[in-house]
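# Observations on the model geometry
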Amino acid sequence: MLLQMKYSHIGRVCLGISAAFLMNASVAQQQDAKSALTSLNDSAEIKKLMDAIKSDHDRTIQELRTITEIEAPPFKEQKRAEHVLNRFKEVGLTDAAIDSAGNVVGIRKGSGSGPTLVVSAHLDTVFPEGTDVKVKEQDGKLLAPGIGDDTRGLAVVISWIKALNEQKIKTVGDIMFVANVGEEGLGNLKGMKALFKEHKNIDGMVGLEPGVGDKVLTQGTGSHRYEVSFSGPGGHSFGAFGKVPSAIHAMGRAIAHIGDVQVPTDPKTTFTVGTVGGGTSVNTIAGDAKMAVDIRSNDTKSLLEAERNIMAAIDKGVDEENKRWKSEAKITSEAKLIGDRPAGTTPKDSAIVKAALESIALAGGKGETRAGSTDANVPMSLSIPAIILGSGGKSGGSHSLKEWYDPTDAWKGSQVAFTTVLSLVGVEGVSKPLLEKAAK
Ligand SMILES: [Zn+2]
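Here the residue index of a chain counts from 1 through its sequence in written order. Owing to the predicted nature of the model, reporting of local features is limited to residues with pLDDT of at least 70; listing and counting of side-chain atom pairs is limited to 80 or more, with chain, interface and lining totals taken over all residues.

### A look at the overall build of the chain
Definition in use: Put simply, DSSP H or I for four residues or longer makes a helix, DSSP E for two residues or longer makes a strand, and each gets a number counted from the N terminus. Atoms counted for the radius of gyration: C-alpha only. Globule rule: 2.2 Å times the number of residues to the power 0.38. Field definition: a residue is buried when 20 or more other C-beta atoms are found within 10 Å of its C-beta, exposed when 12 or fewer are, and partly exposed for counts in between, with C-beta atoms placed from the backbone. Contact definition: two residues whose C-beta atoms, as placed from backbone geometry, lie within 7 Å.
A count of helical and extended segments in the chain gives 12 helices and 19 strands. Taken over the C-alpha trace, the chain has a radius of gyration of 25 Å; the compact-globule value for 440 residues is 22 Å, and the two agree within 12%. With the C-alpha coordinates aligned to their principal axes, the bounding extent of the chain is approximately 85 × 50 × 40 Å. Evaluated residue by residue, the chain yields a buried proportion of 50% over its 440 residues. By sequence separation, contacts in the chain at least 24 residues apart represent 80% of the contacts at least 6 residues apart.

This is how it looks when you write it as C-alpha cells:
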C-alpha cells in the first residue's frame, strides 16, 4: 500500500512540472489584470451589482445564522448540504445537485467561450455531533462554533448567486458554485479531490475562508500523516532477554534517526513524531509499539523527500534493533497513511493572484499573500490556478467553541472577492476573462 502510494505521488510531481510550464507561458498573453478590474469598477452594471451585495448584507447575515444552526460535523454534512442545495435552487441555480461525494454543485453558465471557475466554501465544521451551535449575540458580535469557518463563506456564495441572477449579469466563463464536504481534519479534502477527479474541465478555483478580504492564499501546505506500528514476539524482561528484540527499542532507534532528518527551511518543510505508545508492562520486552508522524511542506517534492528520509529512518531503526540481538525473532514495522493533503503553489505572477491583488488594491487594501492548508491544495497540486480569499467580516477563535464573527462592514470583503471572481470569468460587454481556458 505504501509503495503504491509513493508511485502515485511521483506521477503527480511530474504532471505538476509540465503543467506549470504551460501556465507560465500563457501568463504573458493575458489581459492585464489592472485594466480588467478598472473596466469592472467603472461599469454601471457592475456598480449596481456591488450595491446589491451591500444592500443584501442584513439578509446575508440572517442566512449565516440559519446555516450556522444546522450542524455539519466531519463526515456528516448531509443535512446542511440539503439545506444549501435548496438555497442554491431558490436563488436561481436550478440545476444544482449533490454529487457522489456529498458536495453541492451548481453551474451558472457563461456565454459559452470562457473558462470554468470553481467558487467554493466548505460545508463541514470541526465540531462533533451534539455541539451547541445556537448563535448568540454579544457586543455586536455573533458567537457560535463554525460561524466564520466556513459558514460565512456559504452565505456569501448564496448571496453572489442571488445577485448575479437578480441583476441578470452575463458572464463569459462558467462559474461552478460548490459547497463542499471534507475540508477539515480527517476529511482529507475528500470533497475537492472528488470534484477535480470528476470534472476535468476546471480552469481555476476561488475558495472562501474567514478573513476581512485583504489577503490571498497562494501556497497550499501539504501534509502526510502516518501511524507507524512496530511488532515482534515480545517476552519476559529477564527470561527472554537476548532472545527477542524489543518493539519499543526499535521505535526508539527509529525516532532518534527521524530526529536527525534534514529538511529545507524554504520551502518550509516540517516533521514531528507527535504521539507514542505501546508495551505491556515494565517487566516485558515490548511486542508492540506505535507512533504517529506528521510531515508538512509547502512543496510536494520536499514533502516526498522528507517522507522518504523518515521511512528510511524507521527501516534503519528496526534493522539496528534486529541486528543488536541476532535472534531469529524479528521486529517488523508498518506505516499506515492516515492523513493526505497534497501540497502546491499558485505562482504569484499568475493571472488569478494578480486579479485578486488588484481587486484588493482597488478597494484600498495592501494585499498580502499567505500559506495554509485548505481546499485549494487539491487544484494547486494539479497545477490548476487556485486561491483562497476572505469572505468578509472579522472573526476569531476558529476551531474552538468560542468562535466569533463580527459582521460590521462584512459586505466590503464580499465585494472584493466577488470582483476578483468576475474579472477571472469576464463579464459580457465589460471585460474579457483573465483566467485562461486551459483545461480540456
Ligand atoms: Zn475553513
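### With respect to the sheet that holds strand S14 (residues 332-341)
Convention followed: In this analysis, strands are considered paired if DSSP registers two or more bridges between them. Axis lines are fitted to C-alpha atoms, over the contacting stretch for helices. Their N-to-C directions set the angle, which ranges from 0 to 180 degrees.
Overall, antiparallel pairing links the four strands, which are arranged S11-S13-S9-S14 in an open sheet. Because the sheet does not close on itself, it has two edges, and the strands there are strand S11 (269-278) and S14. Neighbouring strand axes in the sheet, compared pairwise and without regard to direction, differ in orientation by 15° on average. Summarising the sheet, strand S9 (residues 222-231) and strand S13 (residues 288-297) pair through 10 bridges and their orientation is antiparallel. Looking at S13, one finds that Glu227 is bridged to Ala292. Lying over the sheet, helix H9 (residues 300-325) contacts S9, S11, S13 and S14, oriented at roughly 160° with respect to S13.

### Let's talk about the packing of helix H2 (residues 33-42) against helix H10 (residues 351-362)
Let me state the cut-off plainly: Between 65 and 115 degrees an angle is taken as roughly perpendicular, under 35 as roughly parallel, over 145 as roughly antiparallel, and anywhere else as oblique. Each helix crossing is assigned a hand: it is left-handed if the near helix lies turned anticlockwise from the far helix by less than a right angle, otherwise right-handed if that turn is clockwise. For this classification, the nonpolar set comprises Ala, Val, Leu, Ile, Met, Phe, Trp, Tyr, Cys and Pro, the charged set comprises Asp, Glu, Lys and Arg, and every other residue, Gly included, is treated as polar.
In the contact formed by H2 and H10, the axes pass within 9 Å of each other and the chain directions differ by 45°. The angle between the axes of H2 and H10 places the two elements in the oblique class. Where H2 crosses over H10, the two elements pack in a sense that is right-handed. Contacts from Ala33, Lys34, Leu37 and Asn41 of H2 reach H10 at Ala351, Lys354, Ala355, Glu358, Ser359 and Leu362. Of the residues assigned to the contact of H2 with H10, the class counts are five nonpolar, two polar and three charged.

### A few points about H10
Defined as follows: One less than the residue count of a helix, multiplied by 1.5 Å, gives the span that helix is expected to have.
For H10, spanning 12 residues, the distance from its first C-alpha to its last is 16 Å, which sits close to the expected 16 Å at 1.5 Å a residue. Burial runs high along H10: 10 of the 12 residues are buried. Residues of H10 that are buried include every one of Ala351, Ile352, Val353, Lys354, Ala355, Ala356, Leu357, Glu358, Ser359 and Ile360, and no others. Positive phi appears at Gly364, one or two residues downstream of H10, with a value of about 95°.

### Some details on the environment of Asp139
With respect to the secondary-structure elements, Asp139 resides in the loop between strand S4 (136-138) and strand S5 (141-143). Looking at Asp139, the number of C-beta atoms within 10 Å reads 7, which means it is exposed. Measuring from C-alpha to C-alpha, the distance between Asp139 and Ile258 comes to 49 Å, with 119 residues separating the pair along the chain.

### A few points about the pairing of strand S6 (residues 174-180)
Of all the seven residues making up S6, six are buried; the element is thus mostly covered by neighbouring parts of the structure. Taken together, the five bridges between strand S2 (residues 104-108) and S6 define a ladder with antiparallel strand orientation. Looking at S6, one finds that Gly106 is bridged to Phe177. Looking at chain direction, strand S3 (residues 116-122) and S6 are connected through seven bridges and run parallel. Paired with Val119 across the two strands is Phe177, which belongs to S6.

### Topic: the packing of helix H4 (residues 57-68) against helix H6 (residues 147-166)
Between H4 and H6, whose axes approach to 9 Å, the crossing angle comes to 130°. The orientation of H4 relative to H6 falls into the category oblique. Here H4 runs over H6; the crossing is right-handed. Facing Thr60, Glu63, Leu64, Ile67 and Thr68 of H4, the residues of H6 in contact are Ile147, Thr151, Arg152, Leu154, Ala155, Val156, Ile158 and Ser159. Residue composition of the contact of H4 with H6, by class: seven nonpolar, four polar and two charged.

### A short note on the domain arrangement of the chain
The test is simple: All domain edges in this entry derive from an automatic or database-based domain assignment.
The domains assigned to the chain are domain 1 (2-221 + 343-425) and domain 2 (222-341). On a C-alpha basis, the centroid separation for the pair domain 1 and domain 2 is 39 Å. In this assembly, 19 residues from domain 1 lie in contact with 15 residues from domain 2. Put simply, the parts of the chain that give the side of domain 1 that touches domain 2 at least two residues each are helix H1 (2-27), strand S8 (215-220), strand S15 (344-345) and helix H11 (377-381). Tallying contributions element by element places H1 first for the side of domain 1 that touches domain 2, with six residues.

### Details of the environment of Lys336
For Lys336, the position within the fold is in strand S14. Judged by C-beta crowding, with 13 C-beta atoms within 10 Å, Lys336 ranks as partly exposed. Taking the C-alpha atoms as reference points, Lys336 and Ile384, 48 residues apart in sequence, are found 29 Å from one another. Beyond its immediate sequence surroundings of up to four residues, Lys336 is in contact with Tyr226 and Glu227.

### A few points about the pairing of S3
Among the seven residues that make up S3, seven are buried, leaving the element largely enclosed by the rest of the structure. Taken together, the four bridges between S3 and strand S7 (residues 204-209) define a ladder with parallel strand orientation. Its bridge partner lying in S7, Leu117 is registered against Gly204.

### Here we look at the sheet that holds S5
Hydrogen bonds along the backbone pair up the strands of a sheet, which may run parallel or antiparallel. With antiparallel pairing, four strands are arranged side by side in an open sheet as S4-S5-S19-S18. Strand pairing shows two members of the sheet lacking a second neighbour, S4 and strand S18 (394-396), which therefore form its edges. Between one strand axis and the next, the sheet turns by 25° as a mean value, whatever way the strands run. Across two bridges, S5 lies against strand S19 (residues 404-406) in antiparallel orientation. Looking at the pairing, Leu142 lines up with Tyr405 of S19.

### Here we look at the nonpolar core
Selection criterion: To count as a nonpolar core, a set of buried Ala, Val, Leu, Ile, Met, Phe, Trp, Tyr and Cys residues must be joined through C-beta atoms within 7 Å.
With 82 residues, the main nonpolar core has Val157 and Ile387 as its most contacted residues. In terms of nonpolar packing, the next biggest core, distinct from the first, is built from 27 residues, Ala313, Ile314, Ala335 and Ala343 among them.

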